[in-house]
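Residue strings, one per chain:
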Amino acid sequence: MLNPGPVTLTSCVRAALSRGDWCHREPEFAQLTQDINARLAKVYPDMESSFDAVMMTGSGTASVEAMLNTFAPRDSETLVLANGVYGERMADMLAAQGKPHFVAEVPWLEQMDLTQLPGILDQQDGITHIVTVHHETTTGRLNDLGGLGQICRERDLKLLLDGVSSFGAEAIDADAWNLAAVAGTANKCLHGVPGISFVLARKSLWNGGESLASSVYLDLNSYHRSQHADGASPFTQAVQVVFALQEALVELDDQGGWQARGQEYRKRADAIADCLDGLGVTTLLPRDEYSAVLWSYELPDGWTYGGVHDALKQDGFVIYGGQGDLGSRIFRIAHMGDITDADLERLCLALDACFSGAAR
Ligand SMILES: *Cc1c(COP(=O)(O)O)cnc(C)c1O
C-alpha cells in the first residue's frame, strides 16, 4: 500500500482486530479509551502536560470537522491558509458551520508566502484563529509551520491544525506555534486501521461553557467531558479499530516514536525518488519542500495515471493519483505502513519494468 492511508498493517495490528467482542459501555472499554487518549497525548512528549486528547469514530475528515466545529469561534474571524484540497476543504467546513472566516488561497504548487501574512492580518479585522494543513497531501508539501507559528505566537492567534497526514511522523512544536488543537487519524502515520480519529487540544480550551458547535455528533466537548471523567464515549465507538490503534501506538513507541518513523519514511522517499529519477521521472516539487510522508511525481510524456497505476497494481503495489487539475499531471507515492527494504527493492524493479516498457 503506497497510497496515503489506509496503510499496510503489521501482523500484530491486524491480529488485534480480533481481540474480542466488547461492549463500548463496559469498564474495560472505558479503560482502553483512556489508555488510547493518554498514549495519543504523549506521541509528542512536550505536549503531554498541556494537551488532552479525545478519540472519536470517523475518518480523518471527521476529526478535522469536529475540531473546527468545537474550537473555531463564532464571534471573531478565522483565517484559512489553503494550498491544496485539504486546506480548501476546511474552508468549506467553516462555511457549512456558518462561522466567520476568510480564505487566503495559495496556488497548489507554491509555498505560503508568509511575508504577505502580516498585511492580511492588519487589513482584515478581528482575526483570532488560523487554520491550516501541516502536510498538504495534495502535493506532499510540508507547510512552513515554523514561520507561520511564529506569527501566530507574536500576534496571539490560535492555530487549529489539520495534522491528519503528519501526526506521528513530522515534528510538531506546539508551544512555538501557539498550537491550540491538532486533528489526526488512526490509519496514516500511526499505522492503525481506518475508523478512529482524534483531536488534541490545550487543556485550557476544554471548557464546560457554551458550545460553539453546530452539530451534536461532532461536538468534541461532549467526548472530552465523558472520556476524561469515566472513559465513556457519547456514541458507539469502532471498538475493534480501537484495539488495533492501541497495538499500533505500542509499536510506534517500541520503534522509537515519531522521529524514528519520520526518518524511516524519509529513507523510503529518497530510495523511491532515486529509482524514479534514474528512469527519467521527476518530482513535482523540489525534494526539500516535501514531507517525509508522501511525494508527488510528474507523469512522463505519453503516460496517464491509469497506465502507471495498473502496471504497478499488477505487481502488487497500490499508488495514488493526483486530485483536481493535478489528476492528469502527477502520481503520488506514500511511504507509510509496514514496508520492508525487500518491498522497496521489488517496487524499484516494478517501476523499472513499468517505465522502461512501451509508453501507454
Ligand atoms: C487523509 C487526509 C485527511 C482525511 O481524510 P479521510 O479520508 O477523511 O481520512 C485530511 N487531511 C489530510 C491532510 C489528509 O491527508
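Look up: the structure comes first, before these words.
Residues numbered from 1 in each chain as written. Predicted model: local features only at pLDDT ≥ 70, side-chain atom pairs only at ≥ 80, totals over all residues. Heavy atoms only, no water.

Topic: the pattern of salt bridges
Within this structure, the stated rule accounts for 12 salt bridges. Close ionic contact of arginine 39 with aspartate 35 constitutes a salt bridge, the shortest N to O distance being 2.8 Å. Here arginine 39 pairs with aspartate 35, and both are found in helix α2 (residues 27-41), just 4 residues apart, close to one helical turn. Given the relative accessible area of 26%, arginine 39 is considered partly exposed. Connected via shared salt-bridge partners are Glu264, Lys267 and Arg268. (Salt bridge = Lys/Arg side-chain N within 4 Å of Asp/Glu carboxyl O. Helix = DSSP H or I, 4+ residues; strand = E, 2+ residues; numbered from the N terminus. Buried < 20%, exposed > 50% of the residue type's maximum accessible area, 1.4 Å probe, protein only.)

Topic: the packing of helix α3 (residues 60-71) against helix α4 (residues 85-96)
Working note: a packed helix pair is described by the angle between its axes plus the distance between those axes. In contact at an axis separation of 10 Å, α3 and α4 are set at 50° when each is read in the N-to-C sense. The pairing of α3 with α4 is recorded here as oblique in orientation. The crossing of α3 and α4 is right-handed. Packed against α3, whose contacting residues are Thr61, Val64, Glu65 and Leu68, the element α4 presents Arg89, Met90, Met93 and Leu94 at the interface. Here the contact of α3 with α4 is built from residues that sort into 5 nonpolar, 1 polar and 2 charged. (Axes fitted to C-alpha atoms, helices over the stretch in contact; angles between N-to-C directions. Parallel < 35°, antiparallel > 145°, perpendicular 65-115°, else oblique. Left-handed = near helix turned anticlockwise from the far one by under 90°. Contact = heavy atoms within 4.5 Å. Nonpolar A, V, L, I, M, F, W, Y, C, P; charged D, E, K, R; others polar.)

Examining the packing of aromatic side chains
For the coordinates displayed, the defined rule picks out 12 aromatic pairs. Plain terms: the ring middles of phenylalanine 167 and phenylalanine 198 are 5.0 Å apart, the flat faces sit at 70° to each other, and that makes the pair edge-to-face. On the criterion of sequence distance, the pair formed by phenylalanine 167 in the loop between β7 (158-162) and β8 (179-185) and phenylalanine 198 in strand β9 (residues 196-202) is long-range, its members being 31 residues apart. Consider the rings of tyrosine 217 and tyrosine 223, whose centres lie 6.3 Å apart with planes at 90°: the pair is edge-to-face. (Phe/Tyr/Trp six-rings, centres within 6.5 Å; stacked < 30°, edge-to-face > 60°.)

Concerning helix α6 (residues 145-154)
Within α6 the residues assigned to the buried category are Leu145, Gly147, Leu148, Gly149, Ile151 and Cys152. Those residues of α6 that are buried lie in contact with β2 (77-82), α5 (117-123), β4 (127-133) and β7. You can read the cap of α6 off the contacts: a side-chain oxygen lies 3.3 Å from the backbone nitrogen of glycine 146, and it is on aspartate 144. Looking one or two residues beyond α6, the residue adopting positive phi is aspartate 156, at roughly 50°. (Polar contact = N/O pair within 3.5 Å; in protein donor to acceptor, adjacent residues only side chain to side chain.)

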